Amino acid sequence: MNNNDILRRIRYAMNLNDNKILKILDMGGHPIKREDIPAIMSKEEDQDYQETSDEILNAFLDGFITYKRGVKDEK
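Cut-offs and rules
Residues numbered from 1 in each chain as written. Predicted model: local features only at pLDDT ≥ 70, side-chain atom pairs only at ≥ 80, totals over all residues. Heavy atoms only, no water. Helix = DSSP H or I, 4+ residues; strand = E, 2+ residues; numbered from the N terminus. Rg over C-alpha atoms; globule rule 2.2 N^0.38 Å. Contact = heavy atoms within 4.5 Å. Areas by Shrake-Rupley, 256 points an atom, 1.4 Å probe, with all protein chains shown as cover. Lys, Arg positive; Asp, Glu negative; His and termini not counted. Charge placed at Lys NZ, Arg CZ, Asp CG, Glu CD. Buried < 20%, exposed > 50% of the residue type's maximum accessible area, 1.4 Å probe, protein only. Polar contact = N/O pair within 3.5 Å; in protein donor to acceptor, adjacent residues only side chain to side chain. Core = buried A, V, L, I, M, F, W, Y, C linked by side-chain atoms within 4.5 Å.

A. Molecular detail of the overall build of the protein. If you tally the helices and strands in the protein, you get 4 helices and 0 strands. Ordered by position in the sequence, the α and β elements of the protein form the string α-α-α-α. The C-alpha radius of gyration computed for the protein amounts to 12 Å, which stays within 12% of the reference 11 Å derived for 75 residues, consistent with globular compactness. Principal axes of the C-alpha set define a box for the protein whose edges measure 45 × 20 × 20 Å. Pairs at least 24 residues apart make up 64% of the contacts formed inside the protein by residues separated by at least 6 positions. Surface summary for the protein: the accessible area is close to 5,300 Å², and the carbon and sulfur share equals 45%. Averaged over its 12 positive side-chain charges, the protein has a centre that lies 9 Å from the centre of its 15 negative ones.

Below is the structure:
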């Protein structure tokens, strides 16, 4: 399983649309353009496939935690 598969599975399991993906990546500190979403969500056999880096996956997972939990209070 590669990073694209992980992102795609989370997206469909949590019913995340493009706007939510953009917001989550922004919250994770790695904003992307809307045009980049099909490439990072594509399968290896798709024409527009682009391997998603570990950095983008990490930003997505960090942003997803913040998205679901809210901003962590610093004390």
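B. Highlighting helix α1 (residues 3-13). By the burial criterion, the buried members of α1 are Asn3, Asn4, Asp5, Leu7, Arg8, Ile10 and Arg11. Of the surrounding secondary structure, the elements contacted by the buried residues of α1 are α2 (18-27), α3 (37-41) and α4 (54-69). Its side-chain oxygen 3.0 Å from the backbone nitrogen of asparagine 4, asparagine 2 forms the N-cap of α1. Immediately beyond the C-terminal end of α1, within one or two residues, lies asparagine 15, with a positive phi of roughly 55 degrees.

C. Region of interest: the nonpolar core. Ranked by internal contacts, the top residues of the largest apolar core, which has 16 residues, are Leu16, Ile21, Leu25 and Phe60. Taken together, the elements giving at least two residues each to this core come down to α1, α2, α3 and α4. Considering every element that reaches this core, the biggest residue donor is α4, with 5 residues. The contacts of leucine 25, once residues within four sequence positions are left out, are His30, Pro31, Ile32, Ile40, Ile56, Ala59 and Phe60.

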